[in-house]
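Single-letter residue listing:
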Amino acid sequence: NAFFSIWYAHAGMPERFLLNSNQAHSTENHYPLRPELIESIFYAYRALKNNPRQMTRVSSSSSSGGTSSHAVIHADYYLWLGYEMLQSLQNRTRTAHGYTILNNVLTGEKGDYMPSYFLAETCKYLLLLFDERSVLHSRELKSEYIFTTE
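Since this is a predicted model, take the numbers as computed values, not measurements. (Residues numbered from 1 in each chain as written. Predicted model: local features only at pLDDT ≥ 70, side-chain atom pairs only at ≥ 80, totals over all residues. Heavy atoms only, no water.)

1. Looking at the overall build of the chain
Reasoning step 1: Helix and strand counts for the chain stand at four helices and eight strands.
Reasoning step 2: From first element to last, N terminus to C terminus, the chain shows the α and β order α-β-β-α-β-β-α-β-β-β-β-α.
Reasoning step 3: Across the 150 residues that make up the chain, the buried fraction comes to 37%.
Reasoning step 4: Sequence-distant contacts in the chain: of pairs separated by 6 or more residues, those separated by 24 or more amount to 57%.
Reasoning step 5: Approximately 9400 Å² of the chain is accessible, and the part contributed by carbon and sulfur atoms is 53%. (Helix = DSSP H or I, 4+ residues; strand = E, 2+ residues; numbered from the N terminus. Buried < 20%, exposed > 50% of the residue type's maximum accessible area, 1.4 Å probe, protein only. Contact = heavy atoms within 4.5 Å. Areas by Shrake-Rupley, 256 points an atom, 1.4 Å probe, with all protein chains shown as cover.)

2. Looking at the environment of tyrosine 99
Reasoning step 1: Mapped onto the fold, tyrosine 99 is located in strand E6 (residues 98–99).
Reasoning step 2: A relative accessible area of 19% places tyrosine 99 in the buried class.
Reasoning step 3: Note: C-alpha distance between tyrosine 99 and leucine 33 (66 residues apart in sequence) is 8.9 Å.
Reasoning step 4: Among residues more than four places away in sequence, those in contact with tyrosine 99 are Leu89, Gln90, Thr93, Arg94, Tyr113, Met114 and Phe118.
Reasoning step 5: Here glutamine 90 takes part through its side chain, which lies 2.4 Å from a polar atom of the side chain of tyrosine 99. (Polar contact = N/O pair within 3.5 Å; in protein donor to acceptor, adjacent residues only side chain to side chain.)

3. Digging into the side chain of arginine 92
Reasoning step 1: Among the structural elements, arginine 92 can be located in helix H3 (residues 75–92).
Reasoning step 2: Although arginine 92 is buried, it makes no salt bridge; glutamate 109 carries the closest opposite charge, 9.7 Å away.
Reasoning step 3: One polar contact links the side chain of arginine 92 to the main-chain carbonyl oxygen of valine 105, over a distance of 2.9 Å.
Reasoning step 4: What arginine 92 contacts, discounting residues up to four positions off in sequence, is His10, Ala11, Gly12, Leu102, Asn104, Val105, Thr107, Gly108 and Lys110. (Lys, Arg positive; Asp, Glu negative; His and termini not counted. Salt bridge = Lys/Arg side-chain N within 4 Å of Asp/Glu carboxyl O.)

4. Digging into helix H4 (residues 116–130)
Reasoning step 1: With 15 residues, H4 extends 21 Å between its outermost C-alpha atoms, agreeing within 8% with the 21 Å of an ideal straight helix rising 1.5 Å per residue.
Reasoning step 2: Of all the bends in H4, the largest measures some 30° and sits at cysteine 123.
Reasoning step 3: For H4, the full list of buried residues reads Phe118, Glu121, Thr122, Lys124, Tyr125, Leu126, Leu128 and Leu129. (Expected span 1.5 Å × (residues − 1). Bend = angle between axes of the 7 residues up to and from the residue.)

5. Some details on the packing of H3 against H4
If you want to describe how two helices pack, look at the angle between their axes and the distance between the axes.
Reasoning step 1: One can describe the packing of H3 onto H4 by two numbers: an axis separation of 10 Å at closest approach and a directional angle of 135°. With respect to their mutual orientation, H3 and H4 come out oblique. Where H3 crosses over H4, the two elements pack in a sense that is left-handed. For the pair formed by H3 and H4, the contact residues are Tyr78, Leu79, Gly82, Tyr83, Leu86 and Leu89 on the first element and Phe118, Thr122, Leu126, Leu129 and Phe130 on the second.
Reasoning step 2: Here the residues of the contact of H3 with H4 sort into nine nonpolar, two polar and no charged. (Axes fitted to C-alpha atoms, helices over the stretch in contact; angles between N-to-C directions. Parallel < 35°, antiparallel > 145°, perpendicular 65-115°, else oblique. Left-handed = near helix turned anticlockwise from the far one by under 90°. Nonpolar A, V, L, I, M, F, W, Y, C, P; charged D, E, K, R; others polar.)

6. Quick notes on the confidence of the model for the chain
Reasoning step 1: Here the chain averages 79 in pLDDT, and 74% of its residues register 70 or above.
Reasoning step 2: Ranking the helices and strands of the chain by mean pLDDT puts strand E5 (residues 94–95) first, with 96, and strand E3 (residues 56–61) last, with 48.
Reasoning step 3: Segment residues 58–64 is flagged for pLDDT under 50; beyond a separation of four residues in sequence, or across chains, it makes 13 contacts in the model. (pLDDT = per-residue confidence, 0-100.)

7. Brief notes about unusual backbone geometry
Reasoning step 1: Positioned with a positive phi, leucine 33 is a non-glycine residue whose angle comes to about 65°.
Reasoning step 2: Mapped onto the secondary structure, leucine 33 falls in the loop between strand E2 (23–24) and helix H2 (36–50).
Reasoning step 3: Judged by relative accessible area, which is 0%, leucine 33 ranks as buried.

8. As for H3
Reasoning step 1: An ideal rise of 1.5 Å per residue puts 26 Å on 18 residues; H3 measures up with 26 Å between its terminal C-alpha atoms.
Reasoning step 2: Every buried residue belonging to H3 is among Ala75, Tyr78, Leu79, Leu81, Gly82, Met85, Ser88, Leu89 and Arg92, and all of these are buried.

Here's what the structure looks like:
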């Protein structure tokens, strides 16, 4: 949730984020179309989808002080995260002939470069996240395999 909240606030993941001031770094605020966040969402979704009884528990403190509660996150939550990221990519990085990096996530200024890993990894994990017919979503695989491009 922490990393996605940064993405959600900026419609992209700045290369460097200052936690102490809760803002993107002044000079390293570009987004080079990195795949790591969507890859994590894919694996979290796959883990919950293949184990319906397993759910992620999130603790939160009550604002009235003292008591804590637990929220249960279902697999559909990760689909929503992936959808939000896909919409951000479509709205902010799409060009006439492909996609490009963001030179600045704060202003939305586009660059003029699409790294090869964007297609090889970022788009791959988005496709696999939403492709229900993929063998990677099959219960028969059970977590015996890790799908990676590294």
